[in-house]
Structure formats: C-alpha cells, structure tokens
Amino acid sequence: MIGKVMRGRRVGGLLRYLYGPGKANEHVEPHLVASWDDNPAGLEPATDADGRLDVRTLSRLLEQPLSAAVRPPDRPVWHCAVRTAPSDRRLSDEEWRVVARDIVARTGLAPDGDDGGCRWVAVRHADDHIHLVVTLARQDSAPARTSNDFYRVGEACRAAEAQLGLTRTAPRDRTAPHRPTRAETEKAVRSGRREPARVTLQREVRTAAAGAATADEFLSRLADAGLLVRPRFSDHDADVVTGYSVALPGDRTGDGRSVWFGGGRLAADLSWPKLARRWAVGHDGGHAFGHTTGRLAGPRTGRRVRLTGQERASVWRDAATAAAGAAHEVRRLSATDPAAASDIAYAAGRALAATARVVEGRTGGPLTAAADQYDRAARELHGRIPAATPTGTGLRAVARLVALTGRAARDETTQVLALIANLADLADAVAELRAVQQRTAQSAAARGAADQLAAVPAAASVAARAAARGRGPATTATPSGLVHSPAVRGPVHRPGLQPGRPQPPRRRVQP
C-alpha cells in the first residue's frame, strides 16, 4: 500500500475533480467512505439539475475552520492518495474507512477522541484507492502540524498491510536515494542522456566521497569529475564550508540556469554534515592492512600522489584482505550484535564505489551497476550515520587508496578480480545481515549486487579457460580495461538465492 502526500490551495477544485469523471472517465461511483463527522453519508454532495454532483456545501464545511484560523497556511489543503498493489484484493468501504482514520490519527491531523482536530473526508471513486482531503486548520483554532507526515502515512500503510493481508512494501526508512521525478526522466530522454542528472550526480558524489579523506579533497574530486560545484560558507566564518551543491554542465532550466542539487537532495547520507562526520573520524585504519597502505593512509596524503608498482600491488592485496576480513566480521556480528555491523556495511559501499571507478571509469559497466544496486543496502535507517568501527574505518582507508591508483592496469587483472570476488562475498554477508535485521529491501539490494559481482570473476574464469582452448576471446563479459588471466578463479554464481533469507557464505579469494 502506497500513500502519496500533496498540498494544494483550493478545496473546491480538488473535490470537483474527485467527484468528477476523471481525465479519462476512470472515476466510478465517487462517494465518501469516512469523514470527521460520524455520519459521512450525510455529507455526500447532492445532485444538481444537470445531474452533476454539487460539492459546494461540502467544500464550505471543510473550509469553515480556515475562516476562523488566525494565520492559515498558504497551501491549506492536505491531500493524500492511498493505493493498494495491483495484486491485492478489493477492499471494502469499511476497510478503507479504518485505513483512512488510522492515517489522520497517526499524522496528528485528527487524532482519535480529539474533537478539535482538522476536518477531513475520504473519497473513493475506484476499486484500488481512496483520496484523503484535509483542511489544515484545527476546529479548536490551534495550528495544524504536518511534520513528518510522509513517514507517518508510511507507518499507517505498513500497519494496514499487516492487518489486511496486503502486499508488503518497503518501509520509508530513508535508505533509498531520492528517485528522479517524471520531469527529470523525460528531460534526460529529450537531452539524449542515458540517465537523469540526479542519478549521475548521486553516483559521482558517492564516488568522490569514497576517495576523499578531507572536505577540500572531496570538493576537488567533484570538480575533477567534471561537475559544477558550489560550496556554501558559514555566515559567521567565511572560511568554513557548511554545505554544497552540484550540477551537471549543460543541465539547465528553461531560462538557462544550471540545475543544482544539494547533497541531502541526492541521498540522506550525502549531506555535508553526514560526510563531515566521517572526515572528523578520519581514515587512519590503513595501518592494519600493511606497511605501504598504512603509510599512505595514515597521514592523509593528497590524492594526486603517484604510487609505485610495489605500492599499487600492496593496495590491491590489502584491499582484498580488508574485504575478506570485513565479510567475516559482518557474519560474526550478524549472529551476536547486528547493529554493530552497520558501519562495515556502510563502508562496503565506499569500497565498491571506488573499485568500480578505477576499473571501469565514468563509462560504467557491471561493477558500476553493482555499486548502484548496493547503494541502498549500505545506509542506516532514517539517514543516520553509524558509529565508526575499526573494521569499517580500515575498509574506508583502503577504498581511498584504491581511488588513488587512478585506473587499474592490464597486468593487475588477477589482483583486481581477487578483490571483486571478496567484495561479492562481503555484499553477500551484508545481505544476510539485513535479512536478520528484517530490512527486506536492503537485503534484496545487497543480494543483487553480490550476484552481479560474483558473475564477474566467474565469467573471467570461464572466458580465460575458453581462450586457452582457442574457443573465444579472453575478454568476454569482463569489466572494461581488464585482460583475464587463466589462473583467476572466483566464486561461481549460484542460482536460486532468495532475497531476505540468510544464504551460505560465498568462497573468498585469497590475494
């Protein structure tokens, strides 16, 4: 069950639409299923001489508290459309009445037993949905409050699903990035872009965060990625950055202005305060994975440092070791303290984003697709940043060092594929963790990413064996820029894995 909240200015116009034929005569037998009045049938609009429903009386009744309000809001009409899934059964009017009353109670607009609450009605004109119309002025003249109404509607929908046996939908827990609007998607098609600007910016900001240890480095990486960057500075100290916005060159409004997105508009964990918390913690966990990695990570060297061949080999080896150790730690904590594994799950997203970029570049490929899919699994509920752990800090350190390598070289194929195989095992472990935590959508995201990652070294092994027998090219179904080695062996994709259920661990590849 999905509830969509909207705000408007005119009660009468909305009621005329709800009681009218609809845009394509899709409205059938519109009627009230619930209202602030105990007898909604007595509020039904009468039929005028032309056979149309006259909503003027109902509109005046809903607007009466607005007339008495001292300071009514500019958009005083709260409108919520609530819809069941296509596979759900048809609910009765009585069942919809219970759903409607629960929504206005949970949002605080008309709590049960509160005679001074807002006036509201629930209109049904189709089998699968209703419309709630509320005027935002309480009958006792107190101001109406709508804070967190979006989440409270989601809670009511989840409760209705459980009570009425409906299709379960993902909770509104702010683990998903903000989806592109229909206008943004259509604009991308008109502009010839392969995806909306919002999606590209989410990926670029996530990748920049994975490779940065300081605020300055993060902003520089955004600029180097070709984005327009606009820092926001403190009113009290012009040298202190308090926020940022990014835009794609060429993405403009109708009047020629760049379309800017703040980090918080891209995803809950990409806001400046959330990123700054990680920079404050630091990336000093690299010493746990090897002398070279620790030396580079500890002092937060600049991102333009040139790594020697020996240092690059150390980075790949330590990254694979870190991913394998993180997978083991996530599985251990899943059984003892699932909440403590959240930081590792979060850091895994950074490691995957950095690996995808150095292997595939900005053109993308299977690793980039896996990183995009895993993104939701990485986040903590409601945009919180989990407390840092040694394992998570170490994983972020090697993610930054992977970013420092620039692009993976052809002679590093074996080492890269070993890392990818262990990242697949780590994503699999996170899928099990989210399943234990009963976060179905996040578990499915991690499981899908794990399957995509596991297919890369498996395909590499098959392609390499085929090439050795003279049956095909050695570069089939691999990340761009890599040439396979016949010696590479990775975990084989196992069909039939079910999202949301713990699965046997994948085999790790030792670096």
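Participant: Teacher, can you tell me more about helix 14 (residues 390-404) here?
Facilitator: An α-helix turns once every 3.6 residues. As a result, residues three or four positions apart point the same way. If you check helix 14, its first and last C-alpha atoms are 21 Å apart, about what 15 residues at 1.5 Å a residue would give, namely 21 Å. Within helix 14, 13 of the 15 residues are buried, which leaves it mostly tucked inside the rest of the structure.

Participant: Looking at this model, I keep getting lost on the pairing of strand 7 (residues 129-138). Mind explaining?
Facilitator: Where a strand is regular, its side chains alternate between the two sheet faces. With 10 of 10 residues buried, strand 7 is to be regarded as a mostly interior element. Along strand 7, one buried face is formed by His-129, His-131, Val-133, Thr-135 and Ala-137 and the opposite face, lined by Ile-130, Leu-132, Val-134, Leu-136 and Arg-138, is buried too. One ladder, built from seven bridges, connects strand 5 (residues 77-83) with strand 7; its direction is antiparallel. Bridging across to strand 7, Ala-81 finds its partner in His-131. Direction of pairing for strand 6 (residues 118-124) relative to strand 7: antiparallel, over a ladder of six bridges. Residue pairing in the sheet places Cys-118 in a bridge with Arg-138 of strand 7.

Participant: What exactly am I supposed to notice about the packing of helix 6 (residues 197-210) against helix 12 (residues 342-360) here?
Facilitator: Helix-helix packing is characterised by the crossing angle of the two axes and by the distance between the axes. At their nearest, the axes of helix 6 and helix 12 sit 8 Å apart, and the two run at 105° to each other. Judged by the inter-axis angle, helix 6 sits roughly perpendicular to helix 12. Taken together, the residues of helix 12 that come into contact with helix 6 (itself represented by Arg-203, Glu-204, Arg-206, Thr-207, Ala-209 and Ala-210) are Arg-350, Ala-353, Ala-354 and Arg-357. Class assignment of the residues belonging to the contact of helix 6 with helix 12 gives a composition of four nonpolar, one polar and five charged.

Participant: Sorry if this is basic, but what is going on with the nonpolar core here?
Facilitator: Generally speaking, soluble globular proteins have nonpolar side chains that are buried together. Of all hydrophobic cores here, the largest spans 57 residues; its most connected members are Tyr-374, Leu-395, Leu-423, Leu-426 and Leu-453. Within the residue set of this core, elements represented by two or more residues are helix 11 (309-336), helix 12, helix 13 (366-378), helix 14, helix 15 (413-436) and helix 16 (440-468). Looking at this core, the element that brings in the most residues is helix 15, giving 12 residues. With residues near it in sequence (within four places) discarded, Tyr-374 still touches Ala-345, Ala-348, Gly-349, Leu-352, Ala-427, Val-430, Ala-445, Ala-446 and Ala-449. Residues Met-1, Leu-14, Leu-62 and Val-123 belong to the second largest nonpolar core, which totals 42 residues.

Participant: Looking at this model, I keep getting lost on the confidence of the model for the protein. Mind explaining?
Facilitator: In regions of low pLDDT, the predicted coordinates are not meant to be interpreted in detail. Summary statistics for the protein give a mean pLDDT of 84 and a share of 83% for residues scoring 70 or more. For residues 473-477, every residue scores under 50 in pLDDT, and the model assigns this stretch 11 contacts once sequence neighbours within four places are set aside.

Participant: Help me out: how do you make sense of the pairing of strand 9 (residues 241-247) in this one?
Facilitator: With six of its seven residues buried, strand 9 lies for the most part within the structure. Pairing of strand 8 (residues 228-233) with strand 9, which is carried by six bridges, proceeds in the antiparallel orientation. Pairing of Leu-228 across the sheet is with Ala-247, part of strand 9. When strand 9 meets strand 10 (residues 261-262), the two strands line up antiparallel, connected through two bridges. For Val-246, the partnering residue across the bridge sits in strand 10 and is Phe-261.

Participant: Would you take a moment to explain the environment of Ser-147 for this structure?
Facilitator: Its place among the elements puts Ser-147 in the loop between strand 7 and helix 4 (149-164). Assessed through its relative accessible area of 56%, Ser-147 is described here as exposed. Counting along the chain gives 39 residues from Ser-147 to Gly-108, while the straight-line C-alpha distance between them is 9.1 Å.

Participant: Any chance you could explain the sheet that holds strand 7 here in plain terms?
Facilitator: Strand pairing in a sheet is mediated by backbone hydrogen bonds. Such pairs are either parallel or antiparallel. One open sheet holds the five strands; their spatial order is 1-5-7-6-2, and the pairing between them is antiparallel. Whereas interior strands pair on both sides, the edge strands pair on one side only; in this sheet they are strand 1 (2-8) and strand 2 (31-35). Within this sheet the neighbouring strands show an average axis-to-axis angle of 25°, counted without direction. Across the sheet, helix 4 touches strand 1 and strand 5, and the angle it forms with strand 1 is around 150°.

Participant: When you look at the sheet that holds strand 10 in this model, what are you seeing that I'm missing?
Facilitator: Reading across the sheet, the three strands line up as 8-9-10 and stay open at both edges, with antiparallel pairing between neighbours. Strands with a single pairing partner mark the edges of an open sheet, and in this sheet they are strand 8 and strand 10. Sheet strands in contact with helix 6 are strand 9 and strand 10, and its direction is about 135° off that of strand 9.

Participant: Help me understand the environment of Thr-167, please; the structure alone is not making it clear to me.
Facilitator: Turning to its location among the elements, Thr-167 is positioned in the loop between helix 4 and helix 5 (182-191). Placed 78 residues apart in sequence, Thr-167 and Arg-89 show a C-alpha to C-alpha distance of 9.6 Å. If sequence neighbours within four positions are ignored, Thr-167 has contacts with Met-1, Ala-85, Ser-87, Asp-88 and Glu-161. Within the structure, Thr-167 has its side chain in polar contact with the side chain of Asp-88 (distance 2.8 Å).

Participant: Looking at this model, I keep getting lost on unusual backbone geometry. Mind explaining?
Facilitator: For residues that are not glycine, phi is negative in most cases, and the peptide bond is trans in most cases. Not every positive phi belongs to a glycine, and Glu-29 is a case in point at roughly 50°. Take Glu-29: it is sitting in the loop between helix 1 (11-19) and strand 2. Classification of Glu-29 by relative accessible area gives exposed; the value is 64%. The backbone phi angle of Gln-438 is positive, close to 60°, even though this residue is not glycine.

Participant: What exactly am I supposed to notice about the packing of aromatic side chains here?
Facilitator: Two aromatic rings, taken as a pair, are described by how far apart their centres are and by the angle between their planes. Going through the model one piece at a time under the given rule, you end up with six aromatic pairs. Judged by centre distance (5.4 Å) and plane angle (50°), the rings of Phe-218 and Trp-279 are tilted. On the criterion of sequence distance, the pair formed by Phe-218 in helix 7 (residues 215-224) and Trp-279 in helix 9 (residues 272-281) is long-range, its members being 61 residues apart. On the basis of relative accessible area, Phe-218 is assigned to the buried category, the value being 0%. You can call Trp-279 buried: its relative accessible area is 10%. Every member of this aromatic cluster is reached through a ring pair, and the members are Phe-218, Tyr-244, Trp-272 and Trp-279. Stacked on the ring of Trp-260, the Lys or Arg Arg-230 has its end atom at 4.2 Å from the ring centre.

Participant: When you look at the pattern of salt bridges in this model, what are you seeing that I'm missing?
Facilitator: If charged atoms from side chains of opposite charge come close, those side chains can pair. If you walk through the whole model with that rule in mind, you get 37 salt bridges. In this structure, the salt-bridge partner of Arg-312 is Glu-412, at a minimum N-O distance of 2.8 Å. Taken together, the residues span a long stretch of sequence, with Arg-312 in helix 11 and Glu-412 in the loop between helix 14 and helix 15 at a distance of 100 residues. A relative accessible area of 14% means that Arg-312 is categorised as buried. Note on Glu-412: relative accessible area 7%, which makes it buried. Through salt bridges that share partners, Arg-194, Glu-195, Arg-203, Arg-206, Asp-269, Arg-350, Asp-372, Asp-375 and Arg-379 make up one connected network.

Rules and cut-offs
Residues numbered from 1 in each chain as written. Predicted model: local features only at pLDDT ≥ 70, side-chain atom pairs only at ≥ 80, totals over all residues. Heavy atoms only, no water. Helix = DSSP H or I, 4+ residues; strand = E, 2+ residues; numbered from the N terminus. Expected span 1.5 Å × (residues − 1). Buried < 20%, exposed > 50% of the residue type's maximum accessible area, 1.4 Å probe, protein only. Pairing = 2+ DSSP bridges. Axes fitted to C-alpha atoms, helices over the stretch in contact; angles between N-to-C directions. Parallel < 35°, antiparallel > 145°, perpendicular 65-115°, else oblique. Contact = heavy atoms within 4.5 Å. Nonpolar A, V, L, I, M, F, W, Y, C, P; charged D, E, K, R; others polar. Core = buried A, V, L, I, M, F, W, Y, C linked by side-chain atoms within 4.5 Å. pLDDT = per-residue confidence, 0-100. Polar contact = N/O pair within 3.5 Å; in protein donor to acceptor, adjacent residues only side chain to side chain. Phe/Tyr/Trp six-rings, centres within 6.5 Å; stacked < 30°, edge-to-face > 60°. Lys NZ or Arg CZ within 6 Å of the ring centre and 35° of its normal. Salt bridge = Lys/Arg side-chain N within 4 Å of Asp/Glu carboxyl O.

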